[in-house]
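# Secondary and tertiary structure notes
In case you want the letters, here they are:
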Amino acid sequence: MTQRVLVTGGSGYIGSILVPQLLAAGHQVTVLDTFRHGGTELAPACQYATFKPIKGDARDERLLDELVPQHDLLIPLAALVGAPLCKEDQIGAVTLNRDAVAALVKRTSKDQRVIYPTTNSGYGIGEQGKFCTEETPLRPISLYGVTKSEAEAVVLEHGNGVSFRLATVFGMGPRMRIDLLVNDFTYRAVNDRAVLIFEGHFKRNYIHIRDVVKAFVHAMDNFEAMKGQAYNLGLSSANLSKLELCERIQKQLPNFVYVEAPIGEDPDKRDYIVSNEKLEKAGWTPDWTLDAGIAELIRGYTMIRNSKFANV
């Protein structure tokens, strides 16, 4: 069934892969984005007459008044993503991550659908050896986790929404994010051949960006069965500590050296393992392993360098 889809923040890390895929499947897609990076992330989307980019802010309620009623499905991706960025711009975090989502949902009818990506960092610090399920209480320890968890509550209260609690995403994309953990460590392994790790025993879950997009498509195809619920979205085979992640990278880059610092601490205190069984039982399966994603990143980092201020 062809749908009219509104994606806010559609030129970002997830959107730059999701939007062209939705268009290729025959959907009409409107992207509301500031396009502040001024790049060509959505160049592949421009071949489709069913693609409509709108330059604007997802917090602009006049734009939401106009756009929301025109669409069947709403995917709010616009956000300040990650604890460091939200700490740096706390007003932006609250207004974009929470308030803009609430403003969008407020304008939807009971027939309009919402698919929302939050973060499994809402689990904060988990219990040792105990998997976080969708029933586990949310105890976010960062403003990022708080604002995203509050927005999720608004989406699920709407009754016609699905929420995905994303693991730490990895993989190459048109709008690349080198700051994410797997992407970051692999980049350092390729370019610096070394990394210093703080609190290497901290665990978290991981998921490839294309499997995130696959989950969005799965929710579109199975919406009636999935609506009103949150789903953990991660790789069941990848609940790993930072040290275990480095071991996996070192298998593909034997010259990579990683050292755990004897003193000091990581400002990111997240430490948990996650069960993704609920989403797997709903019929979704991942296509990408962690090892395949690391290999993909190594190929990608052969081509790109993050050396904006270097003289070499």
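In the block above lies the structure referred to throughout.
The structure reproduced in this document is the subject of the present report. Only a predicted model underlies this, so the values are computations on that prediction, with no experimental measurement involved.

### Thoughts on the overall build of the chain
Looking only at helices and strands, the chain has 11 helices and 14 strands in total. Against the globule reference of 20 Å for 312 residues, the chain gives a C-alpha radius of gyration of 19 Å, in line with a compact fold. Overall, the chain is about 55 × 45 × 40 Å in size when its C-alpha atoms are taken along their principal axes. Here the chain holds 312 residues, and the buried ones make up 52% of them. Partitioning the contacts of the chain with sequence separation of at least 6, the portion at a separation of at least 24 is 80%. Of the roughly 14,500 Å² of accessible surface on the chain, a fraction of 52% belongs to carbon and sulfur atoms. With 35 positive and 37 negative side-chain charges, the chain shows a spacing of 2 Å between the two charge centroids.

### With respect to the pairing of strand S11 (residues 229-233)
Counting buried positions over the 5 residues of S11 gives 4, a clear majority of the element. Here strand S7 (residues 161-166) pairs with S11 via 5 bridges, running parallel. Across the sheet, residue valine 162 finds its bridge partner in S11, namely glutamine 229.

### Here we look at the pattern of salt bridges
This structure, assessed with the given rule, holds 18 salt bridges. Here aspartate 111 and lysine 110 are joined by a salt bridge, their closest N and O atoms 3.7 Å apart. One salt bridge connects arginine 188 with aspartate 184, and the closest N-O pair in it is separated by 2.8 Å. Placement of both arginine 188 and aspartate 184 in helix H6 (residues 181-191) is noted, with a separation of 4 residues, approximately one turn of the helix. Its relative accessible area of 33% is what places arginine 188 among the partly exposed residues. The class for aspartate 184 is buried, based on a relative accessible area of 15%. Salt bridges here are not isolated pairs; linked through shared partners, they connect Glu61, Asp65 and Arg107.

### Here we look at unusual backbone geometry
Not every positive phi belongs to a glycine, and phenylalanine 35 is a case in point at roughly 50°. With respect to the helices, strands and loops of the structure, phenylalanine 35 is situated in the loop between strand S2 (28-33) and strand S3 (51-55). A positive phi angle, close to 60°, is found at arginine 193, a residue other than glycine. With respect to the element layout, arginine 193 can be found in the loop between H6 and strand S9 (194-197).

### Some thoughts on the nonpolar core
Ranked by internal contacts, the top residues of the largest apolar core, which has 63 residues, are Val19, Ile75, Ile115, Phe164 and Leu233. Top element by residues in this core is helix H7 (residues 209-221). It accounts for 7 residues. Setting aside residues no more than four positions away along its own chain, valine 19 makes contact with Val7, Gly10, Val29, Val31, Leu42, Ala45 and Phe51. Listed in part, the 16 residues of the second largest apolar core include Leu32, Val105, Ala151 and Val155.

### What to know about the sheet that holds strand S8 (residues 168-170)
With respect to topology, 3 strands assemble into an open sheet ordered S8-S10-S12, the strand pairing being mixed. In this open sheet, the two edge strands, each paired with only one partner strand, are S8 and strand S12 (239-241). Each adjacent strand pair in this sheet contributes to an overall mean axis angle of 50°, direction not counted. Sheet contacts for H6: S8 and strand S10 (203-208); angle to S8, the most-contacted strand, approximately 50°. Along the sheet face, helix H9 (residues 242-252) touches S10 and S12 and points at about 95° away from the line of S12.

### Structural notes on the side chain of serine 241
Checked against the element boundaries, serine 241 lands in strand S12. Residues contacting serine 241, with those up to four places away along its chain left out, are Gly200, His201, Phe202 and Lys203.

### Focus on the environment of leucine 6
With respect to the secondary-structure elements, leucine 6 resides in strand S1 (residues 4-8). Take leucine 6: its relative accessible area is 0%, and that puts it in the buried class. Separated by 247 residues in the primary sequence, leucine 6 and leucine 253 have C-alpha atoms spaced 41 Å apart. Not counting residues within four places of it along the chain, the set of residues in contact with leucine 6 comprises Thr30, Leu32, Leu67, Val68, His71, Leu73, Leu74 and Ile75.

### Details of the pairing of S1
Note on strand geometry: in a regular strand, side chains alternate between the two faces of the sheet. The element S1 is extensively covered by neighbouring structure, given that 4 of its 5 residues are classed as buried. Alignment of S1 against S2, held across 5 bridges, turns out to be parallel. When the bridges of S2 are listed, leucine 6 appears paired with threonine 30. In the classification by handedness, the crossover that spans S1, the intervening helix H1 (residues 15-24) and the parallel S2 is right-handed. Direction of pairing for S1 relative to strand S4 (residues 73-76): parallel, over a ladder of 4 bridges. By the bridge assignment for S4, valine 7 is matched with isoleucine 75.

Each value, and the rule that gives it
Each chain carries its own residue numbering, running from 1 in the direction its sequence is written. In view of the model being predicted, local features appear only for residues whose pLDDT reaches at least 70, and side-chain atom pairs are presented and counted only at 80 or more, with totals across whole chains, interfaces and linings using the full set of residues. Water and hydrogen atoms were dropped before computing side-chain values, which therefore reflect all heavy atoms in the structure. Strands are runs of DSSP state E lasting at least 2 residues, helices are runs of H or I lasting at least 4, and numbering of each runs from the N terminus. To get the radius of gyration, use the C-alpha atoms; to get the globule rule, take the number of residues to the power 0.38 and multiply by 2.2 Å. Relative accessibility thresholds used throughout: buried, under 20% of the residue-type maximum; exposed, over 50%; partly exposed, between the two (1.4 Å probe, protein chains only). Pairs of residues are marked as contacts when any of their non-hydrogen atoms sit within 4.5 Å. Per-residue and other accessible areas follow the Shrake-Rupley method at a 1.4 Å probe size, with only the shown protein chains counted as cover for residues. For the purpose of charge, His is not counted, nor are the chain termini; Lys and Arg are scored as positive and Asp and Glu as negative. We put the charge of a Lys on NZ, of an Arg on CZ, of an Asp on CG and of a Glu on CD. A pair of strands is considered paired only if DSSP assigns at least 2 bridges between the two. The rule for a salt bridge is simple: a side-chain nitrogen of Lys or Arg has to be within 4 Å of a carboxyl oxygen of Asp or Glu. In plain words, nonpolar cores are sets of buried Ala, Val, Leu, Ile, Met, Phe, Trp, Tyr and Cys residues tied together by side-chain atoms within 4.5 Å. Only the stretch in contact is used when fitting a helix axis, every axis being a line fitted to C-alpha atoms; angles between N-to-C directions are given from 0 to 180 degrees. By convention, orient the strands away from the viewer: a clockwise path from the first strand over the helix to the second makes the crossover right-handed.

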